[in-house]
Amino acid sequence: MSEQNRMELQMVSGGIINDDGVCGKGLAVQRWRGLAILACAVVAGLGPTPARAEYPDKIIKIVVPFAAGGGTDIMARTTAQEIQTDLGKPVIIENKPGAGTIIGTQTVATSEPDGYSLLMATFAHAVNPSLYKKLPFDPHKDFAAVSLIARSFNIVVVNPASKINSIADLIAEAKANPGKLNFGTFGTGTSAHLAGELFNAMAKVKMTAVPYKGAAPAISDLLGGQIDVMFTTVASAASLVAAGQLRALAVTSAERSAAFPQLPTVAEAGVPGYAAESWYGLYAPAKTPVPVIARLNQAIAKAVQSGAFKKLEANEGLIMVGSAPEDLDRYVSGEEERWRKLVKDANIEVQ
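The notes below deal with the structure included here. Just so we're clear, the structure is a prediction, and the values are computed from it rather than from any experiment. (Residues numbered from 1 in each chain as written. Predicted model: local features only at pLDDT ≥ 70, side-chain atom pairs only at ≥ 80, totals over all residues. Heavy atoms only, no water.)

**Overview of empty space enclosed by the protein**
Thought 1: Counted according to the given criterion, the structure contains two cavities of 30 Å³ or more.
Thought 2: There is about 40 Å³ of room inside the largest cavity.
Thought 3: Surrounding the largest cavity, Phe 123, Ser 152, Phe 153, Asn 154, Ser 191, Ala 195, Thr 252, Ala 276, Glu 277, Ser 278 and Trp 339 form its lining.
Thought 4: At the level of secondary structure, the elements contributing two or more residues to the lining of the largest cavity comprise strand 4 (143-158), helix 8 (191-203) and strand 9 (277-285). (1 Å grid on protein atoms, 1.4 Å probe; cavity = no way out; pocket = protein on both sides within 12 Å on 5 of 7 lines; lining within 4 Å. Points joined across faces, edges and corners; volume = space filled by probe spheres on them. Helix = DSSP H or I, 4+ residues; strand = E, 2+ residues; numbered from the N terminus.)

**Notes on the environment of Leu 318**
Thought 1: Following the sequence through the fold, Leu 318 ends up in the loop between helix 12 (307-316) and strand 10 (319-320).
Thought 2: With relative accessibility at 7%, the residue Leu 318 sits in the buried group.
Thought 3: The spatial distance from the C-alpha of Leu 318 to the C-alpha of Tyr 280 is 9.8 Å, given a sequence separation of 38 residues.
Thought 4: The contacts of Leu 318, once residues within four sequence positions are left out, are Met 75, Ala 150, Arg 151, Ser 152, Tyr 280, Leu 312 and Glu 313. (Buried < 20%, exposed > 50% of the residue type's maximum accessible area, 1.4 Å probe, protein only. Contact = heavy atoms within 4.5 Å.)

**Looking at the nonpolar core**
Thought 1: Ile 167, Leu 170, Phe 199, Met 207, Tyr 274, Trp 279 and Tyr 283 are the most contacted members of the largest nonpolar core, which totals 48 residues.
Thought 2: When residues in this core are grouped by element, the largest group, six residues, is from helix 13 (residues 325-345).
Thought 3: In contact with Met 207, other than residues within four places in its own chain, are Leu 170, Ala 174, Leu 181, Phe 183, Phe 199, Asn 200, Val 229 and Phe 231.
Thought 4: Counting 32 residues, the second largest nonpolar core, distinct from the first, contains Leu 118, Leu 296, Ala 303 and Met 320. (Core = buried A, V, L, I, M, F, W, Y, C linked by side-chain atoms within 4.5 Å.)

**Describing unusual backbone geometry**
Thought 1: With omega at -5 degrees, the peptide bond leading from Tyr 55 into Pro 56 counts as cis.
Thought 2: Relative to the assigned elements, Pro 56 resides in the loop between helix 3 (33-44) and strand 1 (60-64).
Thought 3: The phi dihedral of Ala 99 falls on the positive side, at around 55 degrees, and the residue is not glycine.

**Some remarks on the environment of Ser 162**
Thought 1: Locating Ser 162 in the fold gives a position in the loop between strand 4 and helix 7 (167-176).
Thought 2: A polar atom in the side chain of Ser 162 sits 3.0 Å from the backbone nitrogen of Ile 164. (Polar contact = N/O pair within 3.5 Å; in protein donor to acceptor, adjacent residues only side chain to side chain.)

**Considerations on the pairing of strand 4**
Thought 1: For strand 4, a buried count of 15 out of 16 residues is recorded, marking the element as mostly surrounded by other parts of the structure.
Thought 2: Of the strand pairs in this sheet, strand 4 and strand 9 are connected by nine bridges, and their pairing is antiparallel. Opposite Ala 145, over in strand 9, you have Tyr 283 as the bridge partner.
Thought 3: As judged from the two bridges shared by strand 4 and strand 10, these two strands associate in the antiparallel manner. Bridged to Arg 151 within strand 10 is Ile 319.
Thought 4: Pairing between strand 4 and strand 7 (residues 229-233): four bridges, direction antiparallel. (Pairing = 2+ DSSP bridges.)

**Focus: the layout of surface pockets**
Thought 1: Taken as a whole, the largest pocket holds about 1300 Å³ of empty space.
Thought 2: For the lining of the largest pocket, the secondary structure elements donating two or more residues are helix 4 (71-87), helix 6 (123-131), strand 4, helix 9 (215-224), helix 10 (234-242) and strand 9.
Thought 3: Considering every element that reaches the lining of the largest pocket, the biggest residue donor is helix 6, with five residues.

**As for the side chain of Glu 316**
Thought 1: Relative to the helices and strands, Glu 316 is located in helix 12.
Thought 2: One buried charge, Glu 316, has no salt-bridge partner; the nearest side chain with opposite charge is Lys 311, at 10 Å.
Thought 3: Residues in contact with Glu 316, not counting those within four places in the same chain, are Ile 74, Val 234 and Ala 235. (Lys, Arg positive; Asp, Glu negative; His and termini not counted. Salt bridge = Lys/Arg side-chain N within 4 Å of Asp/Glu carboxyl O.)

**Concerning the packing of aromatic side chains**
Thought 1: Overall, the coordinates contain eight aromatic pairs when judged by the stated rule.
Thought 2: Between Phe 183 and Phe 231 the ring centres are 6.0 Å apart and the planes differ by 80 degrees, which places this aromatic pair in the edge-to-face class. In this pair, Phe 183 sits in strand 5 (residues 182-185) while Phe 231 sits in strand 7, placing the two residues 48 residues apart along the sequence. The pair Phe 183 / Phe 231 is uniform in exposure class, with both members buried.
Thought 3: Grouped by ring-pair contacts, the aromatic residues Phe 183, Phe 199, Phe 231 and Tyr 274 constitute a single cluster.
Thought 4: Here the basic side chain of Lys 58 rests over the ring of Tyr 116, its NZ or CZ set 4.7 Å away from the ring centre.
Thought 5: Its guanidinium or amino end placed over the ring of Trp 339, Arg 338 lies 4.7 Å from that ring's centre, counting from NZ or CZ. (Phe/Tyr/Trp six-rings, centres within 6.5 Å; stacked < 30°, edge-to-face > 60°. Lys NZ or Arg CZ within 6 Å of the ring centre and 35° of its normal.)

Given below as structure tokens:
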């Protein structure tokens, strides 16, 4: 190849021709896809190559590994509503509950890595590797992170007729009656369960976990006096606290919540260092092209600034994030390591 031809092709392709006249790889190919492919084809003597359609060019699906109507479903639907405006294509929700989120998660793990099947992951994504001896997927190798959308926390609540008025009271009562106080959960290994087990470990008390099939039946029994306390989601308890039907003692986040500024954290109320939170993150199958991940991440970053998300932030007690993909990877790895120790120390097993 002559020097003049080389220079002309470098100009057209964004500088992706190397010293041997061979087309290189890199970000330039992604940014200047159409011209770069044509330039490389000319150099290789292959003739022009049809350009790939810009992403997205069809409907995108977000799989929710829970039933419709819960907090994760609401988050996914709000996300879909906001990003479809930016992406210019419909984004639909597919609810695939079951097996502690494993069924829905596996669906995405085995989907085509093209950006059209996504997963709305939660706390379970970081905890299931510790709860189950074997999973039909690898939470790290089989997924590509898109964005940590939001973090959330639980709220510690009791029946207003209870003599427990503070975290200090809860600790005192639990120490005076080891094993007799019970706390409701949404099932083994859920955020409500592990938040309570973390409290047991750090406050050096022994309360008994009582699993339910969801927040609603657990709260019903708390209202009825069948259980003593819950580490429940803000969405499930906020309206009941406001109506005086439940008494809130503290939030499980590391810092006080703007949604409940009057409530102390569990840490400042008597258990130094305590923090337990949930989260929502978007994943794609592993090997999804980097430009597709980048486009989705860009849409999420824009979405979390919307009025719909700000409303969700206030109603659900969320902390909006919209992180870079690598930040989601880092965050979830830290959560996985942290909860693995608790699951092992508390000998928690999924039946």
